[in-house]
Amino acid sequence: MRQSPLPVSHHSFIRENPAEDAGRAAGSGPVGGAAPGRRRRTGRLRRTGRLLAAASALTLAAAGTAACSAGGAGSAAATGCAAYQDYQGHEGTTVTVSSSLTGTEAERFEASVAEFEKCTGIDVEHTGTTELRSQLLNGSGADLSTSKGASPSSQDDPENLPDLAIVPQPGMVAELVDTGVVHPLPNTVNSNVEAGWDRHWIQVGIHASVPYAAPLMASVKSLVWYSPDAFAKAGYKVPATWAELETLTRKVRADHPDGSVTPWCVGASDGESTGWVMTDWLEDAMLSTQGPGAYETWASHRVPVDSSGAVEALDAVDSLVLADGNVAGGRGSVISRTPEQAGADLVKGSCLMLHASSSFESRFPEGTAITDADGANPVTVTAPSPSGDAAGDAASSAGAGEAAGETAGATASLTSNGTKVSAFVTPAADRGSDAVLVGTDYLVAFTRSEAANAVMAYLTSQDWARTRMAMGGVATAYQGVDPDLAPSDVGRRATRLLQSRQTTIEMDASDSMPVAVGSSAMWLGLSRWSTGAMTSQEALSQAESAWPKQK
């Protein structure tokens, strides 16, 4: 994998005793022997939905498929609870996990640890929220009023934090590390990460030479979803270059002068995260039209956020997506519509293209069929049951469906009567470009206990990556995980891109920027820009002005 020279972190983290931190990282020990550290009461967080027998059925089917695919390597070769023997010895304990996973994604995560819970006796209590950053920072006891972001926590042992968190942005990881409440990764976790992930993913979680965050799940963001059937019926071809994408956009608009069908679907409303859809568009447009060199220079802040290249890229998005007649509902509706509503628009056929990551397949309406580029090999999206039990939801990859029976989570079946959707890689100006924009979730710890270490070790293992992959809706860059475990063609192709060393991986720039910039000022500025209230220059200048000033 070719890697861009992005900095490890835009935040500096300084402790009074750096040697103590290094010692904590080196002495964290294996799963069975945690180093002395903070111990807090557990069970404070309420699970979003307990998945019982149905979850176990899905996990067993997925793990069984993973073990067969892996050729019996490691503990995946073991059956039943024997596969979890390295994590046992902590019966009756509870480990709390917070994340931004909700709905289908939350149920799939919970299903992925159900068998682990059964076999280890560790209760993994998961809480998904759309306000993860606010909850974690408030729980940390940090001063949030400073101009440079969260200050170090004034509490030695914050009581209002979960044991672990799955954090969706590297910038948020850095901010949490700056508060001083994040523990270095245990040795067992470091070993798992080093065995499975390439350096580019690992270095994001390292701060002041200490590893604090482990990559967990990944997605390809340089994707455009579309309906192969709709394209075939209209005679449209998947574009191979950015110029062809512009030509296709103009043709769709010309073919529907009444506006009944528009080229693009966009929904950017997402609670306190409103605006990330537009930053993804900005970053992918810059990467596609100006290439990796220009993108890396901008992403690493070697030029200002409001550089001429960034303004040019945002103007390109404006012309392609937000011009009159190009987006469903008009540009004024972009920040009032959710990503899920945009997905529903695509399925309904009121718009023909949607820029979204490989993980978006979980957010399409129930009954949507995820297919290959020819509209074949459908995998049907099913919704979680209202009770959160998800029993009766079909969830299977090839060979695992019959074994799963009635299983947990919204996943896939091998037949479909719904609208078919697939995805193509965002075309670049250079037809030969192999660069893609990616996103990653990271696992961090706010406590140190043997049970928490065991959960972290499992979640960073190849076994968990295989099990979660087989449930659908995610891709992974974990080397050694068979891409064919993904139920959908899009998931398989995304995983091959992420694992290939021929792919130029470009981390999402705004996710890696200081939170006050990438996940605050830029989100707000681009939200206002999308409605026409700000120019490209004004929106990006607002983000640049929020960049923390160096002393």
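Described below are features of the structure shown in this document. Values in this document were obtained by computation on a predicted structure and should not be read as measured data.

Scoring rules and cut-offs
- Residues numbered from 1 in each chain as written.
- Predicted model: local features only at pLDDT ≥ 70, side-chain atom pairs only at ≥ 80, totals over all residues.
- Heavy atoms only, no water.
- Phe/Tyr/Trp six-rings, centres within 6.5 Å; stacked < 30°, edge-to-face > 60°.
- Helix = DSSP H or I, 4+ residues; strand = E, 2+ residues; numbered from the N terminus.
- Buried < 20%, exposed > 50% of the residue type's maximum accessible area, 1.4 Å probe, protein only.
- Expected span 1.5 Å × (residues − 1).
- Arc of directions from axis to C-beta.
- Contact = heavy atoms within 4.5 Å.
- 1 Å grid on protein atoms, 1.4 Å probe; cavity = no way out; pocket = protein on both sides within 12 Å on 5 of 7 lines; lining within 4 Å.
- Points joined across faces, edges and corners; volume = space filled by probe spheres on them.
- Polar contact = N/O pair within 3.5 Å; in protein donor to acceptor, adjacent residues only side chain to side chain.

Observations regarding the packing of aromatic side chains
Remark: the centre distance and the inter-plane angle together describe each pair of aromatic rings, the angle taken between the planes. Tallied over the entire structure, the rule returns 15 aromatic pairs. Between the aromatic rings of W264 and W281, the centroid separation amounts to 5.1 Å while the plane-to-plane angle is 80°, which identifies the pairing as edge-to-face. With a gap of 17 residues between them, W264 in strand 9 (residues 262–265) and W281 in helix 11 (residues 276–299) connect regions that are remote in the sequence. Looking at W264, the relative accessible area reads 0%, which means it is buried. Classification of W281 as buried rests on a relative accessible area of 2%. Clustering of aromatic rings is evident, with ring pairs tying together Y84, Y87, F116 and Y458.

A closer look at helix 10 (residues 242–255)
Compared with the 20 Å implied by 1.5 Å per residue over 14 residues, the 20 Å span of helix 10 between its first and last C-alpha is a close match. Three or more residues of helix 10 are buried, namely W242, L245, L248, T249 and V252. The buried side chains of helix 10 occupy one side of the element, clustering within an arc of 110° when seen end-on. Summarising the contacts, the buried residues of helix 10 are in contact with helix 9 (228–234), strand 9, helix 11, helix 12 (308–322), strand 10 (351–355) and strand 13 (420–425).

Some points on unusual backbone geometry
Of note in this structure, A208 is not a glycine but carries a positive phi near 50°. Not every positive phi belongs to a glycine, and S209 is a case in point at roughly 70°. Topologically, S209 is positioned in the loop between strand 5 (206–207) and strand 6 (210–211). On the basis of relative accessibility, which here comes to 71%, the residue S209 falls in the exposed class.

Considerations on empty space enclosed by the protein
Tallying each qualifying case throughout the model produces 8 cavities of 30 Å³ or more. For the second largest cavity, the calculated volume is near 80 Å³. Taken together, C265, V266, G267, W276, V277, W281, P339, A342, L354, H355, A356 and F360 make up the full set of residues lining the second largest cavity. Those elements that place two or more of their residues in the lining of the second largest cavity are helix 11, helix 13 (339–348) and strand 10.

What about the environment of H126?
By the secondary structure assignment, H126 is in strand 3 (residues 123–128). Spatially, the C-alpha atoms of H126 and E110 are 7.1 Å apart, while their sequence positions differ by 16 residues. Of the polar contacts made by the side chain of H126, one reaches the side chain of S99; its length is 2.7 Å. A distance of 3.0 Å separates the side chain of H126 from the side chain of E110, its partner in a polar contact.

So far we have only geometry, and geometry alone does not tell us how the molecule works.
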